[in-house]
Amino acid sequence: MSKSFATKDLGPSKQILGMRIERDRSSNKLYLSQEKYIEKVLCKFKMDNAKAVSCPLAAHFKLSTKQCPSTDEKKKKMQHVSYASVVGSLMYAMVCTRPDIAYSVSTVSRFMSNQGRPHWEAVKWILRYLRGSTNLKLCFGSSEPVLVAYTDADMVGDVDSRKSTLGYLITYARGAVSWQSKLQKCVALSTTEAEFIAATEASKELLWLKKFVNELGFEQDKYVLFCDNQSAIHLSKNASFHSRSKHIDVCYHWIRDVLNSKQMQFEKFHTNDNGADKLTKVVMKEKLNVCCQLAGMAARKVVRSSMMSGGEFCWAIPPHGG
């Protein structure tokens, strides 16, 4: 860049757009974190002294439009709540360095125009989770520079529309570089269809990243998309149309051409090791820790916090986390 532009070398970058960059040159690792940003958000919304919880969202939160205020009086009360401001702040953390809260933020963001008390309680729960995990950061360099993708879907996850939630996670050098959690555009009639649609969306992102890293001069033997649904894998590799699958939109069958041209591979992965699980549903602490490890999320120190039940939890340091 210095050959084309007038530049000044200020040394290695340490901060960019609210993200802290740390380097451990002895182990060839790089860390991205937003600890200070999250602390600032917690202080802004007076949640810095809140009791921490171990999961981004609890199973008892069944959020729906039925919980939205129906009278003018109730709506007026909720107008004093900084719902949109908090969700917007959470979105920035989720987009940059926190894939672990992607599903939770995606869920609460559906009620921005008319939120109820249960929706606000769910947002505060996410803040309480961040209170106990501010030191989690993305770690890169724990393995060879290889792209690996995971995909998952939660059948009829949305209470109102009955649409399924799709999620995918793509890592490079064992650190998450791309992730998404969102509702599918159509209502799936089977688990196979929901997983098939999610795999198609994930493969689009994987191929784009494949071209990107190839332009940077990195290539690998094969690019694999892992899925925990065997039926979706068979459907993507079978070129014939069956009565049970002919209703699936043609655009989602694009993945068949990609697999036939050997641009990527679609393989089975056990659901216990699927890093995309946390992007489609509420998962418990043990599964969340596994998903965070697969995403390259590391805690440099152990954090202990009291939970509502009076017990304790700690963020275990992943084996590759430094």
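The residue count restarts for each chain, going from 1 along the sequence in the order it is written. Note on the predicted model: pLDDT of at least 70 is required for a residue's local features to be given, and 80 or more for side-chain atom pairs to be given and counted; whole-chain, interface and lining totals, by contrast, use all residues. Side-chain measures here rest on the full set of heavy atoms in the structure, leaving out hydrogens and waters.

**Q** Please clarify how the packing of aromatic side chains should be interpreted in this entry.
**A** Geometrically, a pair of aromatic rings is defined through the distance of the ring centres and the angle of the planes. Aromatic pairing here means that ring centres of Phe, Tyr or Trp (its six-membered ring) are within 6.5 Å. Orientation follows from the plane angle: under 30 degrees is stacked, over 60 is edge-to-face, and everything else is tilted. Applying the stated criterion to the full structure yields 8 aromatic pairs. Measuring from centroid to centroid gives 4.5 Å for F226 and F269, while their planes differ by 40°, and the two rings are tilted. Remark: F269 occurs in the loop between strand 9 (265–268) and helix 9 (285–294) and F226 occurs in strand 8 (residues 224–227); sequence separation between them is 43 residues. Cluster of aromatic residues (ring-pair linked, three or more members): Y150, F226 and F269. We note R128 situated over the ring of W125; from NZ or CZ to the ring centre the distance is 5.1 Å. A helix here means a DSSP run of H or I that spans at least four residues, while a strand means a run of E at least two residues long, and both kinds are numbered starting from the N terminus. Geometrically, a lysine NZ or arginine CZ counts as sitting over a ring once it is within 6 Å of the ring centre and also within 35 degrees of the ring normal.

**Q** Could you clarify how one ought to interpret the nonpolar core in this entry?
**A** Taken as a class, soluble globular proteins show a tendency for nonpolar side chains to be buried jointly. Side-chain atoms within 4.5 Å link the members of a nonpolar core, which is a set of buried Ala, Val, Leu, Ile, Met, Phe, Trp, Tyr and Cys residues. Relative accessibility thresholds used throughout: buried, under 20% of the residue-type maximum; exposed, over 50%; partly exposed, between the two (1.4 Å probe, protein chains only). Among the nonpolar cores identified, the biggest contains 52 residues, and Y83, L90, V108, V123 and W179 are the most heavily contacted of them. When checking whether two residues touch, look at their non-hydrogen atoms; a contact exists if any pair is within 4.5 Å. Once residues within four sequence positions are removed from consideration, V123 is found in contact with Y83, V86, V87, L90 and V108. Counting residues in each nonpolar core, the second largest holds 32 residues, with Y223, L235, I248 and V258 among its members.

**Q** Honestly, the packing of helix 1 (residues 35–44) against helix 5 (residues 117–131) in this entry has me stumped. Any pointers?
**A** Packed helix pairs are specified by the crossing angle of their axes together with the interaxial distance, meaning the distance between the axes. Note on geometry: axes are lines fitted to C-alpha atoms, helical ones only across the stretch in contact, with angles between N-to-C directions running from 0 to 180 degrees. For the pair helix 1 and helix 5, interaxial distance at closest approach is 10 Å and the crossing angle is 135°. Looking at the two axes, helix 1 sits oblique to helix 5. For the pair helix 1 and helix 5, the sense of crossing is left-handed. Here I38, E39, V41 and L42 of helix 1 come into contact with helix 5, specifically with L127, L130 and R131. When grouped by side-chain class, the residues that make up the contact of helix 1 with helix 5 number 5 nonpolar, no polar and 2 charged. Oblique is the label for every angle not falling under 35 degrees (roughly parallel), over 145 degrees (roughly antiparallel), or within 65 to 115 degrees (roughly perpendicular). Handedness of a crossing is defined here by the sense of rotation of the near helix relative to the far one, left-handed for an anticlockwise turn of less than a right angle and right-handed for a clockwise turn. Side-chain classes follow a simple rule in which Ala, Val, Leu, Ile, Met, Phe, Trp, Tyr, Cys and Pro form the nonpolar group, Asp, Glu, Lys and Arg form the charged group, and the remainder, Gly included, forms the polar group.

**Q** Is there a simple way to think about the side chain of T97 in this case?
**A** Of note, T97 is situated in the loop between helix 3 (83–96) and helix 4 (102–108). At a separation of 2.6 Å, a polar atom in the side chain of T97 contacts the side chain of Q34. The term polar contact refers here to a pair of N or O atoms within 3.5 Å; inside protein, the definition further demands a hydrogen-donor-capable atom paired with an acceptor-capable atom, and it admits residues adjacent in sequence only when both atoms are side-chain atoms.

**Q** Please clarify how the confidence of the model for the protein should be interpreted in this entry.
**A** Residues shown with low pLDDT carry predicted positions that ought not to be read at fine detail. One confidence number per residue, pLDDT, is output by the predictor and ranges from 0 to 100. The share of residues in the protein with pLDDT of 70 or more is 89%, and the mean pLDDT across the chain is 86. The model gives residues 301–322 a pLDDT under 50, and that stretch makes 58 contacts with residues more than four places away or in other chains.

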